[in-house]
Amino acid sequence: MCPRPHRPDRAAGLALAEAGYSEKRLERLLAAEGDTLHTLLLRAVRFLAAKNATCNWVQFARLLLSTGEEKREAARLAIAREFYRNHKDHKD
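Residues numbered from 1 in each chain as written. Predicted model: local features only at pLDDT ≥ 70, side-chain atom pairs only at ≥ 80, totals over all residues. Heavy atoms only, no water.

(A) Local environment of the pattern of salt bridges. Under the definition given, this model contains 8 salt bridges. As a salt-bridge pair, Arg-7 and Asp-9 come within 3.1 Å of each other at their nearest N and O atoms. Of the charged contacts, one joins Arg-72 and Glu-69 as a salt bridge, the two residues approaching to 3.0 Å between their closest N and O atoms. In this pair, Arg-72 and Glu-69 are both assigned in helix α5 (residues 69-86), 3 residues apart and thus about one turn of the helix distant. Arg-72 gets classed as buried once you look at its relative accessible area, which sits at 16%. Within the structure, one salt-bridge network assembled from shared partners comprises Glu-33, Glu-69, Arg-72, Glu-73 and Arg-76. (Salt bridge = Lys/Arg side-chain N within 4 Å of Asp/Glu carboxyl O. Helix = DSSP H or I, 4+ residues; strand = E, 2+ residues; numbered from the N terminus. Buried < 20%, exposed > 50% of the residue type's maximum accessible area, 1.4 Å probe, protein only.)

(B) Region of the structure containing the packing of aromatic side chains. Taken as a whole and assessed by the stated rule, the structure comprises 3 aromatic pairs. Taking 5.1 Å as the distance between ring centres and 65 degrees as the angle between the ring planes, the aromatic pair formed by Tyr-21 and Phe-47 counts as edge-to-face. Taken together, the residues Tyr-21 in the loop between α1 (12-19) and α2 (23-31) and Phe-47 in helix α3 (residues 34-50) connect sequence positions 26 residues apart. Each member of the pair, Tyr-21 as well as Phe-47, is classed as buried. For the pair Phe-83 and Tyr-84, a centre-to-centre distance of 5.2 Å together with 90 degrees between the ring planes defines the contact as edge-to-face. Phe-83 gets classed as buried once you look at its relative accessible area, which sits at 0%. (Phe/Tyr/Trp six-rings, centres within 6.5 Å; stacked < 30°, edge-to-face > 60°.)

(C) Highlighting unusual backbone geometry. Residue Asn-52 is not a glycine yet carries a positive backbone phi of 55 degrees. By the element assignment, Asn-52 lies in the loop between α3 and α4 (57-65).

(D) Examining the packing of α2 against α3 more closely. Across the interface, α2 lies against α3 with an axial gap of 8 Å and an inter-helix angle of 140 degrees. When the interaxial angle is binned, α2 and α3 end up oblique. Here α2 runs over α3; the crossing is left-handed. Taken together, the residues of α3 that come into contact with α2 (itself represented by Arg-25, Arg-28 and Leu-29) are Leu-37, Leu-40, Leu-41, Ala-44 and Phe-47. Taken together, the residues that form the contact of α2 with α3 break down as 6 nonpolar, no polar and 2 charged. (Axes fitted to C-alpha atoms, helices over the stretch in contact; angles between N-to-C directions. Parallel < 35°, antiparallel > 145°, perpendicular 65-115°, else oblique. Left-handed = near helix turned anticlockwise from the far one by under 90°. Contact = heavy atoms within 4.5 Å. Nonpolar A, V, L, I, M, F, W, Y, C, P; charged D, E, K, R; others polar.)

Below is the structure:
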């Protein structure tokens, strides 16, 4: 993600929402498993790179690398929570 480094203070969901990532794409990403998850996550990362956005890359790593269902679900919820908290269609 050079030249945009890891930013631990910027949630992945926030970065996606502010960059204009679609709700449908996020839903597909968070529901995906296996090879499909790898592909969709790579696309999301490329989307952020194209927008010169930066975020906490650890959150994406947790989504991709977690082996237990509870940890994977926690990673999904963390990304979704920040996305919907900051998504333009959900602001007052």
